[in-house]
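# Examining the three-dimensional arrangement
One-letter residues, chain by chain:
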Amino acid sequence: MRRLCSAALAVGLSLAACKTGPNLSTDYGQTARENYELAVGEFTDKDYEEAIQYADFVRIRFPFSRYAVEAELLIARAEFAQGNYTTSQDQFKQFYKLHPTHKHVQNGWCAYMAAVSAYMNAPEGFFLMPPHYQRDQDQLQDALVELAYFFDHYPSSPMHPLAIKLQDEVRRRLLEHELYVAKFYLDRDRPEAAIGRLESAHKSYTGIGLDAEVLFLLALTYLKMDEIELSRTTFAELQAQHPKHHHGRQARLYLKYIQDTYGPADASRKRPDRSPPRPIAPPRPKPVDEPKVKGKPKASLEGRTGSM
């Protein structure tokens, strides 16, 4: 509800600015500096809506003042502080594109905050809602895009350690979603639908604390699909890399089962056909015969009419 109210207020302010310009009431100062200081004071007091109004007044009324640039950044910070993360992400992105020489752009802080905004906009756990890994992950993917931009453009930024931690957290949550979807398919005996998720997770999300679980589910899924040698290799990798993990101990039992059931490793063992099914064209409809006209031919009728 607060977001809806904030959005409605923002729309109302923008429409008012387009029609009549800012309100020149006695509440505002006479100079850009006075109004910017008022905005900073409201921000410090956590009156974020008031801060946005004063900062927006500076931006519109004094567009060529240096305080107008600082007012834009203050608006982005106030939107973030209110939890309007979609708006703050757009504001931070717009700021580093329009003001590339600003100190908070050159040190990478604005690009980092755009990524944080996208991350904060992702679904969180709540006791009345499904867990975050069961819900849409588009915002987390968006956060990875923002982080990629940050790492590409600001490799020496002082925000780099924090960005690394944020990237690890985003990747961990995306991996939890991939594992949830894979388990969903495995519980319904659809390993073919789960294998793509697990292979992608094993390739893309290593080193964030869930490698043993990924390897175990991947090896188990290969075994269900009769990919015996791939399963054997994956269980062996799991046992070698995580010998003290409970999945590593399980891997030892599965390797013994595979050895007892299928014999030693055989590189020439026949593999199941995993190619996607070829679509079958629907049958062509049969031609429909034209209905026959009862009675005498048309030509004979015309002949009889002419003779009359």
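Remember, predicted model here, so these are calculated numbers, not experimental data. (Residues numbered from 1 in each chain as written. Predicted model: local features only at pLDDT ≥ 70, side-chain atom pairs only at ≥ 80, totals over all residues. Heavy atoms only, no water.)

### Some thoughts on the pattern of salt bridges
Applying the stated criterion across every chain, the model contains eleven salt bridges. Across the pair Asp260 and Lys256 runs a salt bridge, and its minimum N-O distance is 2.9 Å. Highlighted residues: Asp260 and Lys256, both in helix α13 (residues 246-262), separated by four residues, approximately one helical turn. For Lys256, a relative accessible area of 53% translates into the label exposed. Here the salt bridges share partners, and the residues they tie into one network are Glu169, Arg172 and Glu176. (Salt bridge = Lys/Arg side-chain N within 4 Å of Asp/Glu carboxyl O. Helix = DSSP H or I, 4+ residues; strand = E, 2+ residues; numbered from the N terminus. Buried < 20%, exposed > 50% of the residue type's maximum accessible area, 1.4 Å probe, protein only.)

### Re the nonpolar core
Counting 44 residues, the largest nonpolar core has Tyr112, Phe150, Leu166, Val170 and Leu175 as its most contacted members. Mapped by element, the contributors of at least two residues to this core are α4 (66-81), α5 (85-98), α7 (109-120), α8 (138-153), α9 (160-187), α10 (191-204) and α11 (211-224). Ranked by the residues each element gives to this core, the list is headed by α7, at nine residues. Setting aside residues up to four positions removed in sequence, Phe150 forms contacts with Gly108, Ala111, Tyr112, Pro155, Ser157, Met159, His160 and Ala163. With 17 residues, the next largest nonpolar core counts Tyr28, Phe57, Ala71 and Leu74 among its residues. (Core = buried A, V, L, I, M, F, W, Y, C linked by side-chain atoms within 4.5 Å. Contact = heavy atoms within 4.5 Å.)

### Things to note about the packing of helix α12 (residues 228-241) against α13
With their axes 8 Å apart at the nearest point, α12 and α13 run at an angle of 150° to one another. For the element pair α12 and α13, the recorded crossing hand is left-handed. Residues Ile228, Ser231, Arg232, Phe235, Ala236, Leu238 and Gln239 of α12 form the contact with α13, whose participating residues are His247, Gly248, Ala251, Arg252, Tyr254, Leu255, Ile258, Gln259 and Tyr262. Tallied by class, the residues present in the contact of α12 with α13 amount to nine nonpolar, five polar and two charged. (Axes fitted to C-alpha atoms, helices over the stretch in contact; angles between N-to-C directions. Left-handed = near helix turned anticlockwise from the far one by under 90°. Nonpolar A, V, L, I, M, F, W, Y, C, P; charged D, E, K, R; others polar.)

### Some points on the packing of α7 against α8
With their axes 8 Å apart at the nearest point, α7 and α8 run at an angle of 170° to one another. Here α7 lies roughly antiparallel to α8, going by the angle between them. Residues Ala111, Tyr112, Ala114, Ala115, Ala118 and Tyr119 of α7 touch α8, and the partners they reach there are Gln139, Leu140, Asp142, Ala143, Glu146, Leu147, Tyr149 and Phe150. (Parallel < 35°, antiparallel > 145°, perpendicular 65-115°, else oblique.)

### Here we look at the environment of Pro264
Tracing the chain through its elements places Pro264 in the loop between α13 and α14 (298-307). Relative accessible area serves as the criterion here: at 57%, Pro264 is assigned to the exposed category. Pro264 sits 35 residues away from Glu229 along the chain, and the two C-alpha atoms are 9.6 Å apart. Residues contacting Pro264, with those up to four places away along its chain left out, are Glu229, Arg232, Gln259 and Arg269.

### What about the packing of aromatic side chains?
Overall, the coordinates contain 16 aromatic pairs when judged by the stated rule. On the basis of an interplanar angle of 40° and a centroid distance of 5.7 Å, the ring pair of Tyr36 and Tyr67 is categorised as tilted. Taken as a pair, Tyr36 in helix α2 (residues 32-44) and Tyr67 in helix α4 lie far apart in primary sequence, 31 residues in all. For Tyr67, a relative accessible area of 14% translates into the label buried. Connected via pairs of aromatic rings, a cluster forms that spans Tyr96, Tyr112, Tyr149, Phe150, Phe151 and Tyr154. A cation over a ring is seen here: Arg66 above Tyr67, with NZ or CZ 4.3 Å from the ring centre. Looking at Arg188, its charged tip hangs above the ring of Phe184, at a distance of 3.7 Å from the centre. (Phe/Tyr/Trp six-rings, centres within 6.5 Å; stacked < 30°, edge-to-face > 60°. Lys NZ or Arg CZ within 6 Å of the ring centre and 35° of its normal.)

### With respect to unusual backbone geometry
Non-glycine residue Lys46 carries a positive phi angle of around 65°. Position of Lys46 among the secondary structure elements: in the loop between α2 and α3 (48-61). Classification of Lys46 by relative accessible area gives exposed; the value is 61%. Unusually for a residue other than glycine, Asp189 sits at a positive phi of about 55°. Tracing the backbone shows Asp189 in the loop between α9 and α10. Residue class for Asp189 comes out exposed when judged on its relative accessible area of 62%.

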